[in-house]
Amino acid sequence: MDPIHAAISILSTAQKIVTFSGAGLSAESGIPTFREAQTGYWARYDPAELASPGGFSQDPELVINWYNDRRSTIAQAQPNAAHRALAGRQDIVHVTQNIDHLLETAGAKSVLHLHGRIDSDRCNLSCGYAEPIDIADPPGLRNCPDCRAALRPSVVWFGEPLPQSTWDAAVQAVSTADVLLVVGTSGVVYPAASLVDLARSCGAAVVVVNTEPTRSIADVALIGPATELVPRLLTA
Ligand code: NAD
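## Some points on the environment of Leu-198
- Mapped onto the fold, Leu-198 is located in helix H9 (residues 194–201).
- Note on Leu-198: relative accessible area 24%, which makes it partly exposed.
- Spatially, the C-alpha atoms of Leu-198 and Pro-139 are 39 Å apart, while their sequence positions differ by 59 residues.
- Dropping the residues within four chain positions of it, Leu-198 is found in contact with Val-171, Val-174 and Ser-175.

Structure (structure tokens):
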């Protein structure tokens, strides 16, 4: 059997499908992956350094300007055919590393954002203050109204722990899945990437969709764009 039909067969007989997505899912909506994002002005900076506690303490204004630039891009983006196909299956739990809202805009109800969301800011000192952000017109660097520390995006930076309750829910979903559908992630950011190994060790089949070969261990690895492959897999 060719890989696409093998994947369709695996997915069509599954009782419980869980997805695990990364930046490649939203790439065709015009939101660059970190590798693509290194263009123009931002080519001088390493995203992994900007998206870090050290980067923020060194130059908070630079980090906020970078996030606000990303917010403007995300504000203009629409869900693509892959988001719509995923959201069309209300029985699926979606675990995503993406900080955009495109799965929800497409209508998905069960989305676990392992790395937080870009449409919110929170206190950098974790006093508990958080507020929603209009990503089409985001405010600049400012202080927490409660404790006067700086406000920062409510996202998980490199080197920071994942939100415990979200992680627990993701582990629970993945460890009870028949199939983990992995879409558009390089599989190099940990601990998120360990969910693929967890799924396999718990007996799930792993189907990977990516434009390039990845490090994820897969039962079936499909090479191609998410907008082409995901609708074929889920609507067959
Ligand atoms: P990554 O940038 O490391 O990898 C993206 C992967 O997507 C690559 O393997 C690439 O080959 C693949 N890809 C690119 N275009 C694709 C397409 N059209 N169809 C299928 N696959 C495609 O991203 P990652 O694995 O998500 O991890 C890096 C970090 O980047 C995460 O922490 C994530 O939060 C952050 N990030 C998120 C967004 C977003 O929210 N949209 C954007 C950029 C980065």
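## Structural notes on the sheet that holds strand E9 (residues 220–223)
- Read from one edge to the other, the open sheet built from 6 strands follows the order E3-E2-E1-E7-E8-E9, with strand pairing classed as parallel. The sheet is open, and its two borders are formed by strand E3 (111–113) and E9, each paired with just one other strand. Looking at each pair of strands side by side, their axes are set apart by 15° on average, direction ignored.
- Where strand E7 (residues 179–183) lies against strand E8 (residues 205–210), 5 bridges are found, and the strand directions are parallel. The residue of E8 that forms the bridge with Leu-180 is Val-206.
- Across the sheet, H9 is in contact with strand E1 (17–21), strand E2 (93–96), E7 and E8; its angle to E7 comes to roughly 160°.
- Across the sheet, helix H10 (residues 226–234) lies against E7, E8 and E9, angled at about 145° from E8, the strand it touches most.

The rules behind these values
- Residues numbered from 1 in each chain as written.
- Predicted model: local features only at pLDDT ≥ 70, side-chain atom pairs only at ≥ 80, totals over all residues.
- Heavy atoms only, no water.
- Helix = DSSP H or I, 4+ residues; strand = E, 2+ residues; numbered from the N terminus.
- Buried < 20%, exposed > 50% of the residue type's maximum accessible area, 1.4 Å probe, protein only.
- Contact = heavy atoms within 4.5 Å.
- Pairing = 2+ DSSP bridges.
- Axes fitted to C-alpha atoms, helices over the stretch in contact; angles between N-to-C directions.

Limitation: the analysis is restricted to geometry and does not speak to function.
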